[in-house]
Amino acid sequence: MKKTLLVTGAIVALFAAQTVRASYTDTFDSLNPGWTTDRYEPLSFGPVSFLGGNWLKVTPTGVNSPSPFDSTFYRTQGRQIQTLVNSSQWAFSFDQYVPTEAVSGNNLRRSDGWGRFGDVGVENANTGYMIMGYKRFDNADPFNPLAGGITSAFRVWDADTANGWVELGTPVTAGVHSWLALFNGSSIQTYLDGNLVYTDTTLTAGASSFTSMFAQAYNFSDGPYDAHFDNMSITAVPEPTSTIMLGGVGVLALLHRIRQRK
Ligand SMILES: [Ca+2]
Ligand SMILES: [Ca+2]
């Protein structure tokens, strides 16, 4: 019953009127109560002391969820927060820690940061999601820790591609990695540690309205594990920044700022 109330609460929050902001940055020094359950409440979700600062730790339950939450959909466990920024150009970024256990061994891992854009309070043709993160499992047998084809990869989500998920060529290494997604009015360029790794040119019409951000970890029913995030941020790129600047100087300035935050 508690789980039902939590999920219902998340739906109500999504449909409530949102405050328009110029930016929102969460350093996770404390837990903003605006973070509400998305899909399924993890075992824990909140700030911890980590790597000399305060980070968000997300720990999935690690066990099978009770009916009616036993479908694949509810294996994505985490929370979202409303961060409505309306701008023809914006930057969404966060730091993600990749543990050594996500790089080798028979471990099942997946953790992602999400951004949602589109119409507020309704899922329709204007709604889109960008998702960036890492995974470690066998794509053909994802819930089997003994599978022979377990691999790690950084991935982004582009719903318009054949599989949705696009695995990046960048090798997965343990440590802190920085994600940055830049919307320039027509496409979203994704940077990993300062390197352009993906460009999404097929966007829904609602991309100029960034409604919410999410922090998630995936439940493989193979025991709990920890996923860490920091400095999750959405910022309207101020006018009169030109597209040319956004592709060059603007990117460098943003990356510089991200590095300084670490
Ligand atoms: Ca922090
Ligand atoms: Ca697309």
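Criteria and thresholds
- Residues numbered from 1 in each chain as written.
- Chains lettered and ligands numbered in written order.
- Predicted model: local features only at pLDDT ≥ 70, side-chain atom pairs only at ≥ 80, totals over all residues.
- Heavy atoms only, no water.
- Helix = DSSP H or I, 4+ residues; strand = E, 2+ residues; numbered from the N terminus.
- Buried < 20%, exposed > 50% of the residue type's maximum accessible area, 1.4 Å probe, protein only.
- Polar contact = N/O pair within 3.5 Å; in protein donor to acceptor, adjacent residues only side chain to side chain.
- Phe/Tyr/Trp six-rings, centres within 6.5 Å; stacked < 30°, edge-to-face > 60°.
- pLDDT = per-residue confidence, 0-100.
- Contact = heavy atoms within 4.5 Å.

Novice: With reference to specific residues and values, describe the environment of D119.
Specialist: Relative to the assigned elements, D119 resides in the loop between β7 (109–117) and β8 (128–137). With relative accessibility at 29%, the residue D119 sits in the partly exposed group. Spatially, the C-alpha atom of D119 lies 8.9 Å from that of F210, the residues being 91 residues apart in sequence. Side-chain polar atoms of D119 contact the side chain of N124, separated by 2.8 Å.

Novice: A description of the packing of aromatic side chains should follow, citing residues and the corresponding values.
Specialist: Using the criterion set out here, one finds 22 aromatic pairs in the structure. Relative to F94, the ring of F92 lies with its centre 5.8 Å away and its plane at 50°, an arrangement referred to as tilted. Taking relative accessible area as the criterion, F92 reaches 0% and is therefore assigned buried. Given the relative accessible area of 1%, F94 is considered buried.

Novice: Residues and numbers for the confidence of the model for the chain, please.
Specialist: Confidence in the prediction of the chain, expressed as mean pLDDT, is 90, and 85% of residues score 70 or more. Across residues 1–5, where pLDDT falls below 50, the model places 3 contacts with residues more than four positions away in sequence or in other chains.

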